[in-house]
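Structure assessment
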Amino acid sequence: MKVLCVLNLLSRGGLSRERWPQILELFRAFKIEHEVLSSDAPIDVLVRQRLERGGVGEFQAIAGIGGDGTQSAVINGMMAYRKDHPDSVLPPLAFIPTGTGNDIAKSFGLTLRDDFFVNDLRRSVSTLVHGADYHLDLGLLNGRYFADALTVGVDSRTL
């Protein structure tokens, strides 16, 4: 199995970067090959560009490593690719929640406790190999896709 890992270095004040060695160790334990996408460039652009270079057939999954913003950017990159290639079959998206809220991952039962037990991380990585497929409904507003929730007004300012 080969996975495209989209690592958000800024997620939760750098926690994703700090957790990467543990994630990498688990990838080795589960014998998961991987490629890491990580840059200062917008994540959605990076994902779309990598898929354009043959990533659709190369990867069995794409793993967003970060929080809801990371997952949203990965989804938007995948959907931008899909817009130009409507007949393509995208690899499944996997969540490795290392962000602040992780609401999308929580919707699938992947939690992140404040003390971040290794078991939580192990369970997230193991879903790449042993997990079940689910369909994720997306909304579209002003050309951007969203999953889980959309807020306006006071809620948006609070979040």
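The model shown is predicted, which means the values in this text are computed figures rather than measured ones. (Residues numbered from 1 in each chain as written. Predicted model: local features only at pLDDT ≥ 70, side-chain atom pairs only at ≥ 80, totals over all residues. Heavy atoms only, no water.)

Below, the discussion takes up the overall build of the protein chain. Looking only at helices and strands, the protein chain has six helices and six strands in total. The linear arrangement of helices and strands in the protein chain, starting from the amino end, is β-α-β-α-β-α-β-α-α-β-β-α. The contacts of the protein chain with a sequence gap of at least 6 include a subset with a gap of at least 24, amounting to 72%. Counting only carbon and sulfur atoms, one obtains 50% of the accessible surface of the protein chain, whose full area is about 9,000 Å². (Helix = DSSP H or I, 4+ residues; strand = E, 2+ residues; numbered from the N terminus. Contact = heavy atoms within 4.5 Å. Areas by Shrake-Rupley, 256 points an atom, 1.4 Å probe, with all protein chains shown as cover.)

Taken in spatial order, the four strands make up an open sheet running β2-β1-β3-β4, and their pairing is parallel. Strand pairing shows two members of the sheet lacking a second neighbour, β2 (33-37) and β4 (93-97), which therefore form its edges. Neighbour to neighbour, the strand axes of the sheet diverge by 25° on average, direction disregarded. Relative to β2, strand β1 (residues 2-7) is paired through five bridges, and the arrangement is parallel. What sits directly across from V3, in β2, is H34. Helix-sheet contacts for helix α2 (residues 43-58) involve β1, β2 and β3 (61-66), and the interaxial angle to β2 is about 150°. (Pairing = 2+ DSSP bridges. Axes fitted to C-alpha atoms, helices over the stretch in contact; angles between N-to-C directions.)

Distances and angles like these do not, on their own, reveal function.
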